[in-house]
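Chain and residue survey
Below, each chain spelled out in residue letters.
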Amino acid sequence: MDSVRGHPLLVVIDPVARSTDGESVRIAKDVLCAGAGAKICLPDGPEEFARILARRGHRRPVVIGDDRALLRVVGLLHKERELAAVPLSMVPVGAPAAVALSRALGIPTDTVAAARTVLDGGERPRDLLTDDSDGIVLGGLRIPCGSAAARQGGGVYVPAAVPAAAPADPREAVEAPDGLAGGLDGHRPWWQPAARTARTALALLAAPAAGLGGRRARVPGQRLRIEADGVLLADLDRPVRGVSVVPGGRAGADGPRPGAGDALAEVVVHWPGGGRPVRARARAVTVSGADFHYRADAVVGGPVRTRTWTLQPGAWRLQLPRG
């Protein structure tokens, strides 16, 4: 199904969106309610969020909020093993850093354009990565080797500064110094402890640059063994500066249909000192070594000693602009 005009919608509004940009939320609600039968839900916490989604019936879920809200919905449906059967729609509301993933996936960040896309856009199958702990990656994976932010932010949502116009290609965002990230507003009701951790992480990121008079700090290497479909890309005898993995091709682009036999993830290994990176395409990527952290979209995980990410072609569907 493409256009959802006249079909029932379940509109879940993130509490942070309500508190930080109520006007955009009101505009999105008005546009959606004018074009379809919409049930508006205002969850106060993650447990209520999960209950609302579980009781959606035949209504199509629409998220109004930032990247963290989108990741929560996708994660819940993935755990229910219903992700492939439930097309998702999103109206991003938040600061540019907080909706960087949504932008990279091809969702309009203008409120009216995003709401109209919910009503009149088209479903696009999207690839994602799953790991051996049942985690998911929508936009991109990055191992920020030697990052103080990673050591501080294990298991929580940690934003990083992004330019006002974030890159449309997740590969560009993942390979940037701070990786693909969303944002926290500091007074987020669900995640106040995480917000404090995020502010600490950002302070640690900024400190080296300030100490060098604005010059970029040297990024230390980390010894990791990296395999792509069993092919060795890096071993423990040579430190790497970072690793990035992106599911499929450019988000929002019309390439090979997800689910085709040639669907592969893009893997890039960066070396200290600016050496030429190693690039590969693979269905599965395994990273192992001493305890390391990784950033999956904007969530920092770890420490772990080994982790395997596997491409799942066409594992979810997202409503995007036509053409």
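In this text, all values refer to a predicted model and were calculated from it rather than measured experimentally.

Calculation rules
Residues numbered from 1 in each chain as written. Predicted model: local features only at pLDDT ≥ 70, side-chain atom pairs only at ≥ 80, totals over all residues. Heavy atoms only, no water. Pairing = 2+ DSSP bridges. Helix = DSSP H or I, 4+ residues; strand = E, 2+ residues; numbered from the N terminus. Axes fitted to C-alpha atoms, helices over the stretch in contact; angles between N-to-C directions. Parallel < 35°, antiparallel > 145°, perpendicular 65-115°, else oblique. Left-handed = near helix turned anticlockwise from the far one by under 90°. Contact = heavy atoms within 4.5 Å. Nonpolar A, V, L, I, M, F, W, Y, C, P; charged D, E, K, R; others polar. Core = buried A, V, L, I, M, F, W, Y, C linked by side-chain atoms within 4.5 Å. Buried < 20%, exposed > 50% of the residue type's maximum accessible area, 1.4 Å probe, protein only. Polar contact = N/O pair within 3.5 Å; in protein donor to acceptor, adjacent residues only side chain to side chain. Lys, Arg positive; Asp, Glu negative; His and termini not counted. Salt bridge = Lys/Arg side-chain N within 4 Å of Asp/Glu carboxyl O.

Structural notes on the sheet that holds strand β4 (residues 89-92)
Here four strands make up an open sheet; going across it, the order is β2-β1-β3-β4 and the pairing parallel. The open sheet has two edge strands with one neighbour each: β2 (38-41) and β4. Between one strand and the next, the sheet's axes are offset by a mean angle of 20°, whatever the strand orientation. In terms of strand pairing, strand β1 (residues 9-13) meets strand β3 (residues 60-65) through five bridges, oriented parallel. Bridge pairing in β3 places Leu-10 opposite Pro-61.

What about the packing of helix α3 (residues 46-54) against helix α4 (residues 67-79)?
Think of two packed helices as two axes; the pair is described by the angle between the axes and how far apart they sit. At their nearest, the axes of α3 and α4 sit 11 Å apart, and the two run at 55° to each other. Taken together, the axes of α3 and α4 lie oblique to each other. The element α3 and its partner α4 pack so that their crossing is right-handed. From α3, Pro-46, Phe-49, Ala-50 and Leu-53 reach across to α4, where they touch Ala-69, Arg-72, Val-73, Leu-76 and Leu-77. Among the residues making up the contact of α3 with α4, the classes are represented as eight nonpolar, no polar and one charged.

Focus on the nonpolar core
Judged by nonpolar contacts, the single largest core of 28 residues is most densely connected at Val-73, Val-74, Leu-77, Leu-83, Leu-88, Leu-138 and Trp-316. Among the elements that take part in this core, α4 stands out by supplying seven residues, more than any other. Those residues in contact with Leu-88 that lie beyond four places of it in its chain are Arg-60, Pro-61, Val-73, Val-74, Leu-77, Leu-83, Trp-316, Arg-317, Leu-318 and Gln-319. Listed in part, the 27 residues of the second largest apolar core include Ala-265, Trp-271, Ala-296 and Trp-309.

Description of the pairing of β1
Along β1, five of the five residues are buried, which leaves the element largely enclosed by surrounding structure. Pairing geometry for β1 and β2, over four bridges, is parallel. Looking at β2, one finds that Leu-9 is bridged to Ala-38.

Brief notes about the side chain of Glu-123
The topology assignment puts Glu-123 in strand β5 (residues 122-131). Within the structure, the side chain of Glu-123 is placed 2.7 Å from the side chain of Arg-317, a separation counted as a polar contact.

Re the side chain of Asp-131
Within the secondary structure, Asp-131 sits in strand β5. No salt bridge is formed by the buried Asp-131; the nearest opposite charge belongs to Arg-307, separated by 4.5 Å. Engagement of the side chain of Asp-131 in a polar contact is seen with the backbone nitrogen of Ser-133, the distance being 2.7 Å. A polar contact of 2.8 Å, which involves the side chain of Asp-131, links it to the backbone nitrogen of Gly-135. If we ignore the near neighbours within four places in the chain, the residues touching Asp-131 are Tyr-294, Arg-307, Thr-308 and Trp-309.

Quick word on the pattern of salt bridges
In the structure shown here, the tally under the stated rule is 14 salt bridges. Between Asp-132 and Arg-307 there is a salt bridge, with its nearest N and O atoms 2.8 Å apart. With Asp-132 in the loop between β5 and β6 (136-137) and Arg-307 in strand β15 (residues 299-320), this pair connects stretches of sequence that are 175 residues apart. Take Arg-307: its relative accessible area is 13%, and that puts it in the buried class. Several salt bridges share partner residues, and in doing so they unite Glu-23, Arg-26 and Asp-30 into one network.

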